[in-house]
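Now for the letters of each chain:
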Amino acid sequence: MIEVENVVKHYYLGKRQVVALNGVSLHFGEHEFIAIIGPSGSGKSTLLHLIGCLDIPTSGLVKILDKRTDKLSDAEQSALRNKFLGFIFQSFNLIPVLTAFENVEYPLLLSGVTRKERKLRVSALLNEVGLEEHAQHRPDNLSGGQRQRVAIARALVTRPKCVLADEPTANLDSVTGTEILDLMKKINVEHGTSFVFSTHDPKISQYASKTYVLKDGVLLS
Ligand SMILES: Nc1ncnc2c1ncn2[C@@H]1O[C@H](COP(=O)(O)OP(=O)(O)OP(=O)(O)O)[C@@H](O)[C@H]1O
Ligand SMILES: [Mg+2]
């Protein structure tokens, strides 16, 4: 489903070149729960951005469903992001003026799903993440763990095959972080959605079907 082949990514800070990834290869299919572990600056976010079609490699290939991401037009890239991928971020990235229900509904407004179908899908997902009572609350009135549950429901509402989560538990206490991972794992098992998530925390690898360790832009395992 997703193939990363010998990927190198350079950034430029003025004239200075930063090597964020230096020859990374990995691939995965459906039903996977993959942890990318590594210290700050090791390239985790860069790798997730490349898999998420948010950027393209300096050299090497990223292929999604057998298509090279560097050969896609902007419109094809966004179509792939909207239909095939879901995103969860460390800082939740919810829209503050929208309720939990409206935040989850939002990606569907772009995809022509009818109002009735939207209501069904959003309610079912809020139920699934345990927030049916909080549907009308705005993010300000939710705890960190509840906000991340809204973000998970939002990532799933378009029924993606793969969800990319960049340090989804970094802003949560360890008990809440564990609950969020349990929820992601449950969705992985019940819906077959693949998850790829990054973390600083080596303990989290016990949840993963595969663990990759990144250090200085190189995969150690
Ligand atoms: N847009 C950018 N411009 C220049 N350098 C960048 C940019 N994004 C990342 N880098 C550099 O690339 C390297 C990898 O960064 P990346 O954000 O992928 O690491 P990370 O593992 O996600 O770190 P963290 O755990 O702190 O989020 C770092 O040296 C970083 O400074
Ligand atoms: Mg990062």
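Residues numbered from 1 in each chain as written. Chains lettered and ligands numbered in written order. Predicted model: local features only at pLDDT ≥ 70, side-chain atom pairs only at ≥ 80, totals over all residues. Heavy atoms only, no water.

(A) Quick look at the site of ligand 1. Looking at ligand 1, there are 14 residues lining it, with S40, G41, K44, S45 and T46 nearest. Residue G43 places a main-chain N or O atom 3.0 Å away from an oxygen atom belonging to ligand 1. H200 is positioned with one of its side-chain polar atoms (N or O) 3.2 Å from an oxygen atom of ligand 1. Summarising the interface, the protein chains cover 65% of the accessible area of ligand 1, which totals 630 Å² for the free molecule. Secondary structure elements with two or more residues in the shell around ligand 1: β1 (2-13), β2 (16-28) and α1 (44-51). Residue contributions to the shell around ligand 1 peak at 3 residues, all from α1. Of the residues belonging to the shell around ligand 1, the class tally is 5 nonpolar, 7 polar and 2 charged. (Near = heavy atom within 4 Å. Polar contact = N/O pair within 3.5 Å; in protein donor to acceptor, adjacent residues only side chain to side chain. Areas by Shrake-Rupley, 256 points an atom, 1.4 Å probe, with all protein chains shown as cover. Helix = DSSP H or I, 4+ residues; strand = E, 2+ residues; numbered from the N terminus. Nonpolar A, V, L, I, M, F, W, Y, C, P; charged D, E, K, R; others polar.)

(B) Seen up close, the sheet that holds β2. An order of β2-β1-β4-β5 is seen for the 4 strands of this open sheet, with the pairing classed as antiparallel. The open sheet terminates on both sides in strands that have one partner only, identified here as β2 and β5 (67-68). Pairing of strand β4 (residues 59-64) with β5 involves 2 bridges; the strand directions are antiparallel. Looking at the pairing, I64 lines up with K67 of β5. (Pairing = 2+ DSSP bridges.)

(C) Main features of the pattern of salt bridges. As enumerated under the stated definition, the model contains 10 salt bridges in all. In this structure, the salt-bridge partner of K186 is E128, at a minimum N-O distance of 3.8 Å. Note that K186 is positioned in helix α6 (residues 174-191) and E128 in helix α4 (residues 115-128), a separation of 58 residues in sequence. The salt bridge partner of D216 is K215, with a shortest N-O separation of 3.9 Å. Overlapping salt bridges bring together E128, K186 and E190 as one network. (Salt bridge = Lys/Arg side-chain N within 4 Å of Asp/Glu carboxyl O.)

(D) The arrangement of the nonpolar core in detail. One finds I152, M184 and F197 to be the most contacted residues of the largest nonpolar core, which totals 38 residues. Counting residues per element, the ones that place at least two in this core are β3 (33-37), α3 (100-109), α4, α5 (144-156), β7 (162-166), α6 and β8 (194-199). Tallying contributions element by element places α5 first for this core, with 6 residues. If near-sequence neighbours (up to four positions away) are discounted, I152 is found in contact with I88, V129, I180, L183, M184 and I187. Counting 27 residues, the second-largest nonpolar core is a separate cluster that includes I2, I34, I64 and L219. (Core = buried A, V, L, I, M, F, W, Y, C linked by side-chain atoms within 4.5 Å. Buried < 20%, exposed > 50% of the residue type's maximum accessible area, 1.4 Å probe, protein only. Contact = heavy atoms within 4.5 Å.)

(E) Structural context of the environment of A124. Structurally, A124 is set in helix α4. Spatially, the C-alpha atoms of A124 and A153 are 9.4 Å apart, while their sequence positions differ by 29 residues.

(F) Broad picture of the sheet that holds β3. Taken in spatial order, the 6 strands of this open sheet run β6-β7-β8-β3-β9-β10, and their pairing is mixed. Two strands close off the open sheet at either side, each with one partner strand: β6 (85-88) and β10 (218-219). As judged from the 4 bridges shared by β6 and β7, these two strands associate in the parallel manner. Note on β7: the bridge partner recorded for F87 is L164. Strands β3 and β8 of the sheet are contacted by α6, whose axis makes an angle of about 155° with β8. (Axes fitted to C-alpha atoms, helices over the stretch in contact; angles between N-to-C directions.)

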